Amino acid sequence: MGCYDEIFEAIKKYAEAYDLLEGLQGKRDDLLPVGDQKTGVIGEFYGRLFAKRQYSDSEHRYGSPSQPAWDITIRRSGQGGHKIQIKTVSAYSKTNRVSIIHPGWHELYLLRLDKDFQPEGFWTLLASRVDWSSDKLKGSAMPRPHAPNSGSQSFSNATDKLDVLLSILAEVNRPTDPTSEGA
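What you see is a predicted model; the values in this text were computed from it and never measured.

Enquirer: Please explain the sheet that holds strand 1 (residues 59-62) as it appears in this structure.
Expert: Working definition: the strands of a sheet are paired by backbone hydrogen bonds and lie parallel or antiparallel to each other. In space, the six strands of this open sheet follow the order 1-2-3-4-5-6, with mixed pairing throughout. Two strands lie at the open edges of the sheet, namely strand 1 and strand 6 (159-160), each paired on one side alone. Judged from the seven bridges that link them, strand 4 (residues 107-113) and strand 5 (residues 119-126) form a sheet pairing that is antiparallel. Considered in strand 5, the bridge of Tyr 109 is made with Thr 124. Against the sheet, helix 3 (residues 162-172) engages strand 4, strand 5 and strand 6, with an angle of about 120 degrees to strand 5.

Enquirer: Whenever I open this one, a nonpolar patch on the surface confuses me. Can you help?
Expert: Taken together, the side chains of Tyr 4, Ile 7, Phe 8 and Ile 11 present a nonpolar region at the surface, about 420 Å² in accessible area. The topology assignment puts Ile 7 in helix 1 (residues 5-27). We classify Ile 7 as partly exposed; its relative accessible area is 47%.

Enquirer: Help me out: how do you make sense of the side chain of Arg 48 in this one?
Expert: Structurally, Arg 48 is set in helix 2 (residues 38-54). Given a relative accessible area of 9%, Arg 48 falls into the buried group. Residues in contact with Arg 48, not counting those within four places in the same chain, are Asp 30, Leu 31, His 60, Tyr 62 and Ile 72.

Enquirer: Any chance you could explain the packing of aromatic side chains here in plain terms?
Expert: Geometry of an aromatic ring pair is reported as the spacing of the ring centres plus the angle between the planes. One pass over the structure, following the stated rule, counts eight aromatic pairs. Where Phe 50 meets Tyr 109, the ring centres are 5.4 Å apart and the plane angle is 85 degrees; that geometry is what we call edge-to-face. Remark: Tyr 109 occurs in strand 4 and Phe 50 occurs in helix 2; sequence separation between them is 59 residues. Both residues of the pair, Phe 50 and Tyr 109, belong to the buried class. Taken together, the ring pairs connect Phe 50, Tyr 109 and Phe 122 into an aromatic cluster.

Enquirer: Is there a simple way to think about helix 3 in this case?
Expert: Those residues of helix 3 lying buried are Leu 162, Leu 165, Ile 168 and Leu 169. An end-on view of helix 3 places all buried positions within 125 degrees of arc, on one side of the element. Elements in contact with the buried residues of helix 3: helix 2, strand 4, strand 5 and strand 6.

Rules used throughout
- The written sequence of each chain sets the order in which its residues are numbered from 1.
- Note on the predicted model: pLDDT of at least 70 is required for a residue's local features to be given, and 80 or more for side-chain atom pairs to be given and counted; whole-chain, interface and lining totals, by contrast, use all residues.
- Excluding hydrogens and water, the side-chain values take into account all heavy atoms of the structure.
- Whether two strands pair depends on DSSP finding at least two bridges between them.
- Secondary structure counts use DSSP, requiring at least four H or I residues in a row for a helix and at least two E residues in a row for a strand, with both numbered from the N terminus.
- Should any heavy atoms of two residues lie within 4.5 Å, those residues are considered in contact.
- Orientation is described by lines fitted to C-alpha atoms, with helices fitted over the stretch in contact, and by angles between N-to-C directions that extend from 0 to 180 degrees.
- Each patch is built from residues that are more than 30% exposed by relative accessible area and take part in no salt bridge. Like charges join if they lie within 9 Å; nonpolar side chains (Val, Leu, Ile, Met, Phe, Trp, Tyr) join within 5 Å.
- Only the protein chains shown count as cover for residues, and the accessible areas themselves come from Shrake-Rupley with a 1.4 Å probe.
- A pair is scored as a salt bridge if a Lys or Arg side-chain nitrogen falls within 4 Å of a carboxyl oxygen belonging to Asp or Glu.
- Burial status follows relative accessibility: with a 1.4 Å probe on protein chains alone, a residue under 20% of its type maximum counts as buried, one over 50% as exposed, and anything between as partly exposed.
- The rule is short: rings of Phe, Tyr and Trp, with Trp giving its six-membered ring, pair when the centres are within 6.5 Å, and they are stacked under 30 degrees, edge-to-face over 60, tilted in between.
- The directions considered for the arc are those from the helix axis to the C-beta atoms.

Structure, rendered in structure tokens:
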């Protein structure tokens, strides 16, 4: 049985982390979307932080797992919804492929996470800049950071926004100064 100890310990730690995320999803659905694909949940969390900065004067809402066309909708006063679909791949992916991209979105976020589930690549793509946004697209490969022309040709018009996302994450993840509490 000793040879399985490492596997059982890893499963236990994964289950604990999964349970922690699941609990946070239930408590803070305004911050984390629902869903059991935790890589996607993490990607949508990062994507929403980016969207909140880009569309700061708007209401932001997560879609449900049964909504295939968009993950976040942005509602601005007097305008229709701006729908964002987010595709996330982690460094653990062997295929580098994103799940099916369903039609009905206005903006696509492509997010690559490192092995610590931190962003190492982030690109945005407007539906108006691609001719396939009204078609279902499957089997597309995520671009790689610092590797021009990597990923599927269908993502060639995507704009690298990693620096912007990282600065947003650094700002919202700043440790609070204990001396300023109650001030």
